[in-house]
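Overview (structure and organization)
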Amino acid sequence: LFQFRVGDGWEKVLPAGLRPERRAGHVAVLDHPTNSLYISFGLTEGPSLLSDTWKLNLESFKWSCVHGTHSTCAAAAIAPPFGPGNVAFSGGMASGMYKFIFGGVASLACVEKAAGVVMLPRATNDMWALSLQSHKWSKILPSVSTNVPTARAFSQIATPGQQGGAKQLAVLIGGASFLCFDLATPCKVPQPLNDIWTADVAPKETSATDKMAEFDGKNDIIAINLPDWCADVESLSVFWMDAWLYPLNRGYSKAILFDAYQVNAGVRSSTLRWYMEGRSDGNVYVSLILNPGNAQVLVKEWGPLQHNFLGFWHHVTVTIRFARIFTTTSSSPAVTIPQAFLFVDGVSVMSSNEGKDFLNIDLAGSLVLKSGLSSIVVGGADPDIPAIGYEHFQGGMDDIRVWWPSCPQSDDPSKCNPYAFLYPKLASGEREPAAGIQDTEVTMSQVCKPVKDAMFLRTLTAQQSNGLLAYYDFDDPVNRGIIIDKATEWGSPAACMGEDRVSQTCPGCTDTCAFGNCREFDVECIVNYVDNQDAIDDIYSQSGTCLCRNVDNCPTTTKNCQCPGELHRTCSKCLLAMYVNPANQTALCISIEGAPLADELNPNMYPDCRDPGLVGTPTNAFVTSITDVFCPADAYCQSWTCSCYDPLADSGVYRSGSTVDQIEGTGTCDETCADEAEQVYSGSGTKGNPPVTIYPCCDQIAMCSDWNLTSGLCVGTSFIPCRGDSCGPQEHATINCGITSCCSAFVEPPAKQEDKGPDTSDDAGDAAISCTVTYNQAGTISLSCEMSQTTDGSTSYSASFGGA
């Protein structure tokens, strides 16, 4: 391997690592976009023909095997009829994103002649194309089978590009024929040819009437001017755009797909830009950025896309859902972007880093638009506004559609809540979206089903085109650069006047979520309108932005607030208590003063602890409060606080002192107890044998780490002690409370019965049940059980079964 430098001459290159075996008659082509050299086929020692393909990175000078027999090859060499097979001395060229070969020596047969055994080469006239993106071979079939050059080798092929009516012209010149080897007086060398052949190697059109827009990758664009009402920020609700794409951009560059513009203070600028980018890892990604330029923000990046994305037709859909937010500088709302999705061929494309980058964006601070959109440019940037560092789209597009529905589809899980795939966000950092669907799990049918339904339709009914703002199919003649818009008449969202124009809601959604009532849901708006701290707390927690800077002022009515620093969110008042009946059976009840708890606030329908029939004869029964931090269910926690102890991880020091820096929003725990002499038991034990572990806390804790919230009674022998200050007499601190870490054996609580006086009946005696299990040598198991109900066993019941 040699390289030639102008001014320095030839220099031998010694690539590191593996390299192709020595050969002659191979085809070498340069792939400019990736700065790579591809070699295929050839003749090696033996002699024998080769069928492999190798790629040389001209920056690192390292070889990699594309097709071949070596263990490091990305794929095996492909034999006919799915690939060229073994061949040498073919003509070759690179054009667009393909490497083309024609003809060549396809076999070396040994034939006995009068002069002895001679080698008889056989040539072929097959033409193949290798996709330099997907590395897949495709056979080129001429439109007229008779217009094919004869079999040959040693030919040369040139590609002058677009010439006359040919979009991708290829010119084949000469070569040599081996036909004379079969004559009675055979020739000794191949016979030269002097014919010239031409072919248009651009993909063949599939329809004479279904046309497309072709982009040359240099300066071709389509500009879509939007109606005036689209420039109003109040019009931003749902935006969909879809098209069929045949992308040909290759290499390590950024090519603009769609560029949306807005006008602010008379200045026009790019606001939303979707672009595709090829990277050194060989993959293609699509990104959406807000306000391209020095202050741009990456909204989302999707990829890598499937390997056949380039050079093939794909349906591409981009969607945005806007959410209105309050701004102190204008009576009109601003909007943020809580939803942005990319779908290719109807399937959601995963955003990079598993979608985590988008979740970390400050929506209200970083993704803000204060005006609507004025125009959309397809295939590049507006010529009057340079896009430094970006290229134009190269390839084809068809059926470009812009959708601007005033409301999401009726079955969109986020119809009435744009944040439904993101919030609420728990203090732990995990998200439990209101829609029950994570942002990375959203499907096309859930957020833009009308687009999916119209993917393969060329003509849409009035119902199918509801919300369709612009539609270009390119089938009609273009007059002075004007493309006919095929969208049906759809003027704008419903007309609104005065303040009501920003409080418009979608059917089935409550008015309180409209911008006109922003003080009901927007944090910044609330601060300007509402003095009710509880209302502010609820909104903060639901929006996922409740970050407490101290403990004293942290909202107490909701869990979904993040505590400062090392502190953890814990329950500070639990409405549940444990009751134990004379049979040492334990269950949960509601401990509350005043009126009983309403049913809608008692999802598990626990009984009231004040119910006299709850624990049977109260002689030996007692009700004990549950330590608040271990409240079994959030629904029964009446207030929340920040603590140095994390009950879920069983870490930290319960009731430890803490220090909070309100300015920095940080908190640290001193890990000391108010009364260091106080000891707390932890762990599980048995009745009469309490656990011996000393817990590093300042109070005795009744801890249950695995509550079973089924209503009823729990029967168990192992236990965890109750709090000493809430179990009644101090001796109850070591009495079995009946709540265990694996409390799962439940019976129904005692039924309420009227008092009919003392029971004078005779003792029925002890109930007994016994079972015998027998395993036989024949491989069967038998189970026999007997139950006696009287003291003398005169009345008994038995059952047995057996089998394999």
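Below you will find a few notes about this structure. Note that this is a predicted model, so its numbers are computed, not measured. (Residues numbered from 1 in each chain as written. Predicted model: local features only at pLDDT ≥ 70, side-chain atom pairs only at ≥ 80, totals over all residues. Heavy atoms only, no water.)

Considering all chains together, one arrives at 19 salt bridges under this definition. Across the pair D31 and R250 runs a salt bridge, and its minimum N-O distance is 2.6 Å. Placement of the pair is D31 in strand 3 (residues 27–31) and R250 in the loop between strand 18 (238–247) and strand 19 (254–264), with a sequence separation of 219 residues. Side by side, D31 and R250 carry an identical accessibility label, which is buried. Residue R268 pairs with D382 through a salt bridge whose shortest N-O separation is 2.3 Å. Of this pair, R268 sits in strand 20 (residues 267–278) while D382 is found in the loop between strand 27 (375–378) and strand 28 (394–403), placing the two residues 114 residues apart along the sequence. By relative accessible area, R268 is classed as partly exposed at 30%. Taking the relative accessible area as the measure of exposure, D382 reaches 10% and is therefore buried. (Salt bridge = Lys/Arg side-chain N within 4 Å of Asp/Glu carboxyl O. Helix = DSSP H or I, 4+ residues; strand = E, 2+ residues; numbered from the N terminus. Buried < 20%, exposed > 50% of the residue type's maximum accessible area, 1.4 Å probe, protein only.)

Let us now look at the sheet that holds strand 19. A sheet is described by the order of its strands in space; here six strands give the open sequence 17-27-19-20-21-22, paired in antiparallel fashion. Of all the strands in the sheet, just strand 17 (222–225) and strand 22 (297–302) have a single pairing partner and so form its edges. The average undirected angle you get between the axes of adjacent strands in this sheet is 20 degrees. Of the strand pairs in this sheet, strand 19 and strand 20 are connected by 10 bridges, and their pairing is antiparallel. (Pairing = 2+ DSSP bridges. Axes fitted to C-alpha atoms, helices over the stretch in contact; angles between N-to-C directions.)

The next thing to look at is the pairing of strand 23 (residues 314–325). Burial runs high along strand 23: 12 of the 12 residues are buried. With burial as the criterion, each face of strand 23 is covered, one bearing H314, V316, V318, I320, F322 and R324 and the other bearing H315, T317, T319, R321, A323 and I325. Here strand 18 pairs with strand 23 via eight bridges, running antiparallel. In the sheet register, M241 faces strand 23, and the bridge partner there is V318.

A cluster of nonpolar side chains, F2, F4, V6 and W10, forms an exposed patch at the surface whose accessible area comes to about 550 Å². Turning to its location among the elements, W10 is positioned in strand 2 (residues 9–12). Accessibility expressed as a relative area gives 62% for W10, which makes it exposed. (Patch = residues over 30% accessible without salt bridge, like charges linked within 9 Å, V, L, I, M, F, W, Y side chains within 5 Å. Areas by Shrake-Rupley, 256 points an atom, 1.4 Å probe, with all protein chains shown as cover.)

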